[in-house]
Amino acid sequence: MKKIILSGLLFLGIFFSVAQEKQSIFVDKKGVMRRTDTREEVAFFGVNYTLPFAHAFRVAGYLNKDRKEAIDRDVYHFARLGFNAYRIHIWDVEISDSQGNLMENEHLDLLDYLIGKLKERNIKIVLTAMTNFGNGYPERNIPTGGFSYQYGKCEIHDNPEAIRAQENYITQLVGHVNPYTGKAYRTDPDIVGFEINNEPCHSGTQQQTRAYINRMLAALQKAGNRKPVFYNVSHNMQQTEVYYSTDIQGTTYQWYPIGLVAGHTRSGNFLPYVDHYDIPFSHVRGFENKAKLVYEYDPADIMYSYMHPAMVRSFRAAGFQWITQFAYDPMDMAQYNTEYQTHFLNLAYTPPKAISMKIAAEAAYTLPRNQSFGKYPEDTVFGNFRVSYLQDLSELNSPEKFYYSNTTTTQPLAPERLLSVAGTGNSPVVRYEGTGAYFLDRLEEGLWRLEIMPDAVQVGDPFAKPSLKKEVVAIVWGNWNMKITLPSLTADFTVTGINAGNSYTSEAADGVVSSVAPGVYLLKRKDFTPSATWNAETKWGNIRLGEFVAPPADITRYYVAHRAAVVAESGKPMVLSAQIAGPGFPDSVIVYTDKISFWSDKNPSFKMERTNGYTYQTAIPAEQIRPGKFKYNVVVCINRQQFTFPGGIEGAPLDWDYISTGYWETEIVVPDSEIRLFSATDEYSGMESYSMPEWNYARREFLPNSPVEIPTLKFIFTSDENQPQYFLRKDIKEAVEHRISRLQQCRQIRLYGKNLPDTLAVGFITNTGYTYSTTVAPTRGIVRIPVSGLKQTATALFPNPYPVFLKKYFEPDSPVPFRLEDIEKLELSFSGEKGQQYEPEIGAVWLE
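Description of the structure in this document. Being a predicted model, the structure only gives us computed values, none of them experimental.

Conventions and cut-offs
Residues numbered from 1 in each chain as written. Predicted model: local features only at pLDDT ≥ 70, side-chain atom pairs only at ≥ 80, totals over all residues. Heavy atoms only, no water. Helix = DSSP H or I, 4+ residues; strand = E, 2+ residues; numbered from the N terminus. Rg over C-alpha atoms; globule rule 2.2 N^0.38 Å. Buried < 20%, exposed > 50% of the residue type's maximum accessible area, 1.4 Å probe, protein only. Contact = heavy atoms within 4.5 Å. Areas by Shrake-Rupley, 256 points an atom, 1.4 Å probe, with all protein chains shown as cover. Lys, Arg positive; Asp, Glu negative; His and termini not counted. Charge placed at Lys NZ, Arg CZ, Asp CG, Glu CD. Salt bridge = Lys/Arg side-chain N within 4 Å of Asp/Glu carboxyl O. Phe/Tyr/Trp six-rings, centres within 6.5 Å; stacked < 30°, edge-to-face > 60°. Patch = residues over 30% accessible without salt bridge, like charges linked within 9 Å, V, L, I, M, F, W, Y side chains within 5 Å. Expected span 1.5 Å × (residues − 1). Polar contact = N/O pair within 3.5 Å; in protein donor to acceptor, adjacent residues only side chain to side chain. Disulfide = S-S within 2.5 Å. Pairing = 2+ DSSP bridges. Axes fitted to C-alpha atoms, helices over the stretch in contact; angles between N-to-C directions.

### Thoughts on the overall build of the protein
Phase 1: Summing up its helical and strand segments, the protein has 10 helices and 56 strands in all.
Phase 2: For 848 residues, the compact-globule estimate of 2.2 N^0.38 gives 29 Å, and the C-alpha radius of gyration of the protein, at 29 Å, lies within 12% of that figure.
Phase 3: Taken along the three principal axes of its C-alpha coordinates, the protein extends 90 × 75 × 55 Å.
Phase 4: Taking all 848 residues of the protein together, the buried fraction comes to 59%.
Phase 5: Sequence-distant contacts in the protein: of pairs separated by 6 or more residues, those separated by 24 or more amount to 70%.
Phase 6: Of the roughly 33,600 Å² that the protein leaves accessible, carbon and sulfur atoms contribute 49%.
Phase 7: The centroid of the 85 positive side-chain charges in the protein is displaced by 3 Å from the centroid of its 94 negative side-chain charges.

### Topic: the pattern of salt bridges
Phase 1: Scanning the model with the defined rule gives 47 salt bridges in all.
Phase 2: Among the ionic pairs, Lys 595 bridges to Asp 594, the shortest N-O distance being 3.0 Å.
Phase 3: According to the relative accessible area criterion, Lys 595 is exposed, its value standing at 57%.
Phase 4: Of the residues examined, Asp 594 reaches a relative accessible area of 26% and is grouped as partly exposed.

### Points about helix α1 (residues 54–62)
Phase 1: Buried residues dominate α1, accounting for seven of its nine residues.
Phase 2: Those residues of α1 not exposed but buried are Ala 54, His 55, Ala 56, Phe 57, Arg 58, Val 59 and Ala 60.
Phase 3: If you follow the buried residues of α1, they end up packed against α2 (67–80) and α3 (106–120).

### Details of the packing of aromatic side chains
Phase 1: Under the counting rule described, the total for this entry stands at 57 aromatic pairs.
Phase 2: Geometrically, the ring pair formed by Tyr 244 and Phe 287 is tilted, given 5.6 Å between the ring centres and 45 degrees between the ring planes. With Tyr 244 in helix α6 (residues 240–245) and Phe 287 in the loop between β12 (250–255) and β13 (291–297), this pair connects stretches of sequence that are 43 residues apart. One exposure class covers both Tyr 244 and Phe 287, and it is buried.

### Observations concerning a nonpolar patch on the surface
Phase 1: There is a patch of nonpolar side chains on the surface, built from Tyr 137, Leu 260 and Val 261 and spanning about 260 Å² of accessible area.
Phase 2: Within the secondary structure layout, Tyr 137 lies in the loop between β7 (124–130) and α4 (160–175).
Phase 3: The class for Tyr 137 is partly exposed, based on a relative accessible area of 43%.

### Notes on α3
Phase 1: Look at α3: 21 Å from first C-alpha to last across 15 residues, which is about the 21 Å you get at 1.5 Å a residue.
Phase 2: Counting buried residues in α3 gives 11 out of 15 residues, a clear majority hidden from the surface.
Phase 3: By the burial criterion, the buried members of α3 are His 107, Leu 108, Leu 110, Leu 111, Asp 112, Tyr 113, Leu 114, Ile 115, Gly 116, Leu 118 and Lys 119.
Phase 4: Residues of α3 that are buried in the fold lie against α1, α2, β6 (85–89), β7, β8 (177–178) and β10 (191–197).
Phase 5: A side-chain oxygen of the first residue of α3 lies 3.2 Å from the backbone nitrogen of His 107; this N-cap is Asn 105.
Phase 6: The positive-phi residue at the C-terminal boundary of α3 is Asn 122, with phi of around 60 degrees.

### Observations regarding the state of the cysteines
Phase 1: Per the stated rule, a full pass over the model turns up one disulfide.
Phase 2: For Cys 154, the disulfide goes to Cys 201, at an S-S distance of 1.8 Å. Measuring the twist about the S-S bond at about 85 degrees, one finds the Cys 154-Cys 201 disulfide to be right-handed. Remark: Cys 201 occurs in the loop between β10 and α5 (206–222) and Cys 154 occurs in the loop between β7 and α4; sequence separation between them is 47 residues.

### Details of the sheet that holds β12
Phase 1: If you walk around this closed barrel you meet the eight strands as β5-β6-β7-β10-β11-β12-β13-β14, and the pairing is parallel. Across this sheet, the average inter-strand angle for adjacent strands is 25 degrees, counted without regard to direction.
Phase 2: Along the sheet, helix α7 (residues 308–317) makes contact with β5 (44–48), β12, β13 and β14 (322–325), crossing β13 at roughly 155 degrees.

### Thoughts on the environment of Pro 309
Phase 1: Note that Pro 309 resides in helix α7.
Phase 2: Through-space distance from the C-alpha of Pro 309 to that of Gly 134 is 33 Å; in sequence the pair is 175 residues apart.
Phase 3: Discounting residues that sit within four places of it in the chain, Pro 309 has contacts with Ser 356, Ile 359, Ala 360, Phe 382, Val 387 and Ser 394.

### With respect to the sheet that holds strand β20 (residues 430–432)
Phase 1: Taken in spatial order, the three strands of this open sheet run β20-β25-β28, and their pairing is antiparallel. The strands lining the two open edges of the sheet, one partner per strand, are β20 and β28 (512–516). The mean inter-strand angle of the sheet, taken between neighbouring strand axes irrespective of direction, is 15 degrees.
Phase 2: Alignment of strand β25 (residues 480–484) against β28, held across three bridges, turns out to be antiparallel. Bridge assignment links Lys 483 to a residue of β28, and that residue is Val 512.

Shown next, in the form of structure tokens:
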């Protein structure tokens, strides 16, 4: 521990200054965080980011990356996304010994370096002093000798020796002098405050919890800390009153509205899930004089870009001033998404989500605290913001800023007044085939800065089991035309590359910049003379104009990202679409079916054409689409080489020695056949099971049954809770998306099952996020349910949200008529009784 010798005050071997450096933020008597100098209310938005510690630290080593350079890259992107807040739960096991002494090592040095870089970008910081758990995930824990490894998570806050170690540790941590800033954590004005620990587990009495918090507060005060201290109140609900009876100045919350770790990408309209953030203990004495912070939040396991601003809207309506997402992936490992399988966010690798975060940041800064914007769907438009599930779109449209996370047709509110544009895809301002994010910022009336990120092509499921051997997004440095329509530029302007190594110069023709690569450019109207000198080194806001950070252009293989249709109808052309990316554009792309033969001279093939960006399409003629299984491969041809997908196997199906048996498959049915929504095929069969309360006993068995009886999937439910509710859900969007004409003719839901409960309800969740169902009278054999009998009802919010105190149902106020063509999920539900076991079997569900 470094010593600071000031005015002769000695405490625990550490010299402290009597005079505290003035802090930037304080919490007033009404629980509002304000600037110390102006007394203005503050608003913060940003991310968690963990490169100095744990898995991210180790992976940077595995990949031979300079960790400090990696931090530089990511912090620059924080600045481009408009973040002003950063939070981290420090892995105390990696910077402490068994007695809680602070260890000067590479982890602490990287944290210090990161703090210094954040300060350069004017990004404020909340440090959570302890995690009190291991450093392994998703790997095994690595022993370090840190004190937290000696105690269980729910023991560490009650054990006297553990508490003494924590007092020692937290005292030394806040007194630690950062060599990159010259300031102790406790006196650094850009460190807003300290959260004592991450998601504590208080299993003891209220008296023990109060005593623990008070001892931590006393240790911090004795160490010279005058910053606000925060504590987690979204765990251990039996301790809620205790939290507010202590002298903590702020409370921290989380929000994972659709659960965590699904193991795959989820789909659907989750806007009803984030309609409000209701705090059921807001009546507790002391609630109103504590600041409110969101230490972690994320709509996990989805790639959509419509959720972040909607969540921020609800946070602001609930009074939150600090909001930090968990967690931003370091760019140098984001292609694998191994750090936190259930989260995925990075400017380079998830451009639409990153731009939605930029929009969410603006929502956090501009939406009034404690203002409601109504109830879903009314609250999909709020202030200058709009979100849409059907368009997968977040949007900010103000006179000065126009941001969009996906292609939009919205006209900017005041094009002539625009100062900043950011987006992906196309808009009335930018027409662009690339898939990366881009930024346009006005420097002067006729001078703009353009920044273009490389293209991101998703090639795997980011939320499946992670591995450093499996890329989930590939980066391609494409050269594309970009048409820019800005009144202050007109259609005639010069284009000059200014980032390192970028010698591009050109003149736009009719607003089109030709074959532009990723990088940074100055765009100058031809008749305009700037009033100042602008170059790569010019400081602008919290960046330099020539700064540019992106993954390298090192793609060496071809990827084909394609989703086969689950079902299609015979006698109709079938369009196949794929994203194809590699070192260059293929010479050709061919589709072969399984009907070809090396020995035949007449083998049907279908050429795919590039339609836009990396999208290739072909239409399989109607006469080729016959009942049964339609199986096919996609062959990428380049420089006399051929690669066959799925699998990326070198060679082609017509080679004499081609041995792969892998195909994409689509089930082909006759147009007037039933629409099959569920069939019991194995223990999972695509059906998810849930219950309320969440922690009930549930298991399942696949029953093949006799040769003359279809298989069934048996569910066994038991609950020790009063009035349990049980739910079965299945995504069915892919089962109906190519059968809309037949769907519109259907009049009945039919269900085959056994041991069906008397309270069974059957229905659908639509693309509105609304649920429509009706109760049925179980009979032997097939149950017939008229579609006309479905009624709008509450939507159960599954997977269960965190924290556990959030509402479990969305109760709609606005009636929306049911349309069968809008269905996306099948739902079966029933109520039960405490202690009763239920064993329903489901064999099939279909529409007729």
